[in-house]
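Reading the structure
As a plain string of letters, each chain reads:
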Amino acid sequence: MRKDRQARLREDHPGNWSSMSNEYFQIVGILFQRSSQIAAEGAKRSLWVYAGLPLLLAGLEAFLVEHQHLFKLAPPPQPVAGIDPLMDVVKSYKVPDTLVAAIADLVEVRHEIMHPATLPFERGKCPDYVKRLLELQLLDSYRVQSGADILKLLASHRLFEWAIGRCCELLDAIALSDPQRARIFGGLADNLREVISITPSDPIALQPLI
């Protein structure tokens, strides 16, 4: 239940912790490898993004939960990761505005994928975050006339690659925010960076998707 989950995140937990962010990032790596293969074959779109980007942000949120609790005796700071809006937690780390803006756009991408609104809308009225991603040449550019068109645009390996890069930057900034635990969380941040170097010969890359 939601209340039970929130209560767990608000309480002090002196017991043993394990990392879940690594589990999410491993799955992201498998999906990214499939997406890379499609892009290498010349495909213009990659449907793997629909699964990969939401899981990428789930891993980011898990990392934030771990950073607020793991190897700390004090209660979690405010806002609380896993309860309060993700962007409020990200901003509390005082990361550069450009990075905050990039993560905010990725949150909107996640919302678009998880809560599709595929109805048509007036010409030129597509969301601002879509316009920004188009300007960065991360999406295949054509006239957007509906939410369905937006979803088609988001199925882009370039967007997937960019998203992982921005999340790596954020994880590094979070790790460095606490010098006493920087080495531990720097290692956890490397788990995401490593997924973009997975090759077809790696066992994890060849595991079947069930």
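Residues numbered from 1 in each chain as written. Predicted model: local features only at pLDDT ≥ 70, side-chain atom pairs only at ≥ 80, totals over all residues. Heavy atoms only, no water.

So, about the pattern of salt bridges. Pairing is possible between side chains of opposite charge, provided their charged atoms come close. Evaluation of the coordinates by the stated rule reveals five salt bridges. Of the charged contacts in the structure, one is a salt bridge between arginine 132 and aspartate 105, with a shortest N-O distance of 2.7 Å. Separated by 27 residues along the polypeptide, arginine 132 in helix α6 (residues 128–135) and aspartate 105 in helix α5 (residues 97–114) bring together distant segments of the chain. Classification of aspartate 105 as buried rests on a relative accessible area of 7%. Its salt-bridge partner being arginine 166, residue glutamate 169 comes within 2.6 Å of it at the nearest N-O pair. Taken together, the residues span about one helical turn, with glutamate 169 and arginine 166 both in helix α8 (residues 157–176) at a distance of three residues. Taken together, the shared-partner salt bridges connect Asp172, Asp190 and Arg193 into one network. (Salt bridge = Lys/Arg side-chain N within 4 Å of Asp/Glu carboxyl O. Helix = DSSP H or I, 4+ residues; strand = E, 2+ residues; numbered from the N terminus. Buried < 20%, exposed > 50% of the residue type's maximum accessible area, 1.4 Å probe, protein only.)

It is worth spelling out the side chain of serine 156 at this point. Among the secondary structure elements, serine 156 is positioned in the loop between α7 (147–154) and α8. Polar contacts involving the side chain of serine 156 include one to the main-chain amide nitrogen of arginine 158, which spans 3.3 Å. Sequence-distant contacts of serine 156, that is, excluding residues within four places in its chain, are made with Ser46, Val49, Leu138 and Leu139. (Polar contact = N/O pair within 3.5 Å; in protein donor to acceptor, adjacent residues only side chain to side chain. Contact = heavy atoms within 4.5 Å.)

On to unusual backbone geometry, then. Residues apart from glycine generally show negative phi values, whereas peptide bonds are mostly found in trans. The backbone of lysine 94 shows a phi angle near 55°, a positive value even though the residue is not glycine. One can find lysine 94 in the loop between α4 (86–91) and α5. With a phi close to 60°, glutamine 137 is a non-glycine residue in the positive phi region. Within the element layout of this structure, glutamine 137 appears in the loop between α6 and α7. Since its relative accessible area comes to 62%, glutamine 137 is described here as exposed.

The share of residues in the chain with pLDDT of 70 or more is 82%, and the mean pLDDT across the chain is 84. Throughout residues 198–210 the model reports pLDDT below 50, and contacts reaching past four residues in sequence, or to other chains, amount to 22 contacts. (pLDDT = per-residue confidence, 0-100.)

Time to look at the packing of helix α2 (residues 21–40) against α8. When two helices pack together, their arrangement is given by the angle between the helix axes and the distance between those axes. α8 packs onto α2 with a crossing angle of 145° between their chain directions and a minimal axis gap of 10 Å. Every pair of crossing elements has a handedness; the one defined by α2 and α8 is left-handed. Where α2 approaches α8, its residues Phe25, Val28, Leu31, Phe32, Ser35, Ser36 and Ala39 are matched on the opposing element by His157, Phe160, Glu161, Ile164 and Leu171. When grouped by side-chain class, the residues that make up the contact of α2 with α8 number eight nonpolar, three polar and one charged. (Axes fitted to C-alpha atoms, helices over the stretch in contact; angles between N-to-C directions. Left-handed = near helix turned anticlockwise from the far one by under 90°. Nonpolar A, V, L, I, M, F, W, Y, C, P; charged D, E, K, R; others polar.)

Between its terminal C-alpha atoms helix α9 (residues 182–193) stretches 16 Å, which fits the 16 Å expected from twelve residues at 1.5 Å a residue. Residues Ala182, Phe185, Gly186, Leu188, Ala189, Asn191 and Leu192 constitute the buried set of α9. (Expected span 1.5 Å × (residues − 1).)

All right, on to α6 then. Looking only at α6, the buried set comprises Tyr129, Val130 and Leu133. Down the axis of α6, the sector holding all buried residues measures 100°, keeping them to one side. In α6, the exposed positions angled more than 90 degrees off the buried face are occupied by Asp128 and Glu135. In this structure, the buried side of α6 is in contact with α5, α7 and α8. One or two positions beyond α6, positive phi appears at glutamine 137, with a value near 60°. (Arc of directions from axis to C-beta.)

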